[in-house]
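Fold and contact review
Read off the chains here:
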Amino acid sequence: GNDWYIEVIIKHFNSNKKIPEIVHKELLALHKLYLQIGGMPASINEYINMSSPINVPEQHRGLISSYHGFIKQDNTESDTLKMSQVFNSIPLQLLKENKKFQYKLIRKGTTHAMYKDAIHTLAKRHYIIKCNKIHNSVLDKDLSNNSACLEEIMKEENTIFKLYFPDIGMLYTKISEEESSGSSLNNGTKYQKNRTKAILENYVAQALQARNYPFGFWESESMAKIDFIIQKEGLLIPIEIHSTNNTRSKCISVFKQKCDIPYAIKISPKNFEFKNQIKYIPYYATFCL
């Protein structure tokens, strides 16, 4: 109901000027609520009707059941099982510190060959969001030509990837259920950090897909990691996500040694700013990318 905020956010995104702190804090609070509700119409309507998110998880559970129903409709029993296993494993995959997809979390002894078709079908139908690793060989290619699209290059025999839910609210509810079920999840400080990062990563992946960006992730041999890299106007732009106002990181500097970039983006609770070729944007402005 605060439509005027959209114009304010876009204006400050383009100018890189800080939003007044009182407005900034209110927008961060709204963003935190959005992570819980997500963007599915049924969940949003439930929140509006009740003026509370209390019944929203029930809507998410219904949506997740409908996804499983759609999977079952057009596939064999074997394919249905594999797709359901992949879909159900995503929250636990993302709660790891290393969020790359691991087949052993589905079942010990499983391989890429066994599940690649199931993952391809889920991604093609937009039941999941797939984010492939960008190899160093890709960084040397000229992407200014549309025929050299980042998305097409990354598809070549790529067995390293991350998977995300199509809606952040659904992930939020699934993670909350895992926690309340008394599973083996560790609720210590490290877990909470991984949880926050998982939710924020899924949120950004959802936003990038909505904007139709080709995107992937990158890591170096020395373990420098870039959460997302997008292709924009033929140029590669790295995106880092931070869960606190501390946005210090050497990862972008390492990436710059591999690839010439116009600037980098850091998404965090910090207000808008542009300095040292880094564009700082708050969570709530991710839709402006």
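Computed from a predicted structure; not experimentally measured.

Conventions and cut-offs
Residues numbered from 1 in each chain as written. Predicted model: local features only at pLDDT ≥ 70, side-chain atom pairs only at ≥ 80, totals over all residues. Heavy atoms only, no water. Salt bridge = Lys/Arg side-chain N within 4 Å of Asp/Glu carboxyl O. Helix = DSSP H or I, 4+ residues; strand = E, 2+ residues; numbered from the N terminus. Buried < 20%, exposed > 50% of the residue type's maximum accessible area, 1.4 Å probe, protein only. Phe/Tyr/Trp six-rings, centres within 6.5 Å; stacked < 30°, edge-to-face > 60°.

For the structure on display, the rule yields 11 salt bridges. As a salt-bridge pair, E177 and R61 come within 3.0 Å of each other at their nearest N and O atoms. Taken together, the positions of E177 in helix α9 (residues 168-180) and R61 in helix α4 (residues 56-73) put the pair 116 residues apart, joining distant regions of the chain. Exposure remark for R61: the relative accessible area of 40% places this residue in the partly exposed category. Where K190 meets E97, a salt bridge forms, and the shortest distance between an N and an O atom there is 3.2 Å. Residue K190 is located in helix α10 (residues 189-210), and its partner E97 is located in the loop between α5 (77-95) and α6 (112-124); the two are separated by 93 residues in the primary sequence. Looking at K190, the relative accessible area reads 55%, which means it is exposed. Overall, the relative accessible area of 52% leaves E97 in the exposed class. Each of K162, K197, E201 and D227 takes part in salt bridges that share partners, so that together they form one network.

This paragraph deals with the packing of aromatic side chains. Counted according to the given criterion, the structure contains 13 aromatic pairs. Seen in terms of ring centroids, Y67 and Y127 are 5.3 Å apart; in terms of plane orientation they differ by 65°. Their pairing is edge-to-face. Here Y127 lies in the loop between α6 and β1 (129-133) and Y67 lies in helix α4, a separation of 60 residues in the sequence. When its relative accessible area of 13% is taken as the criterion, Y127 is described as buried. Seen in terms of ring centroids, Y103 and Y115 are 6.2 Å apart; in terms of plane orientation they differ by 35°. Their pairing is tilted. Here the residue Y103 occupies a position in the loop between α5 and α6, and Y115 occupies one in helix α6, the gap between them amounting to 12 residues. The exposure class assigned to Y103 is buried, which follows from its relative accessible area of 10%. Among the aromatic residues, ring-to-ring pairing joins Y67, F87, Y127 and F165 into one connected group.

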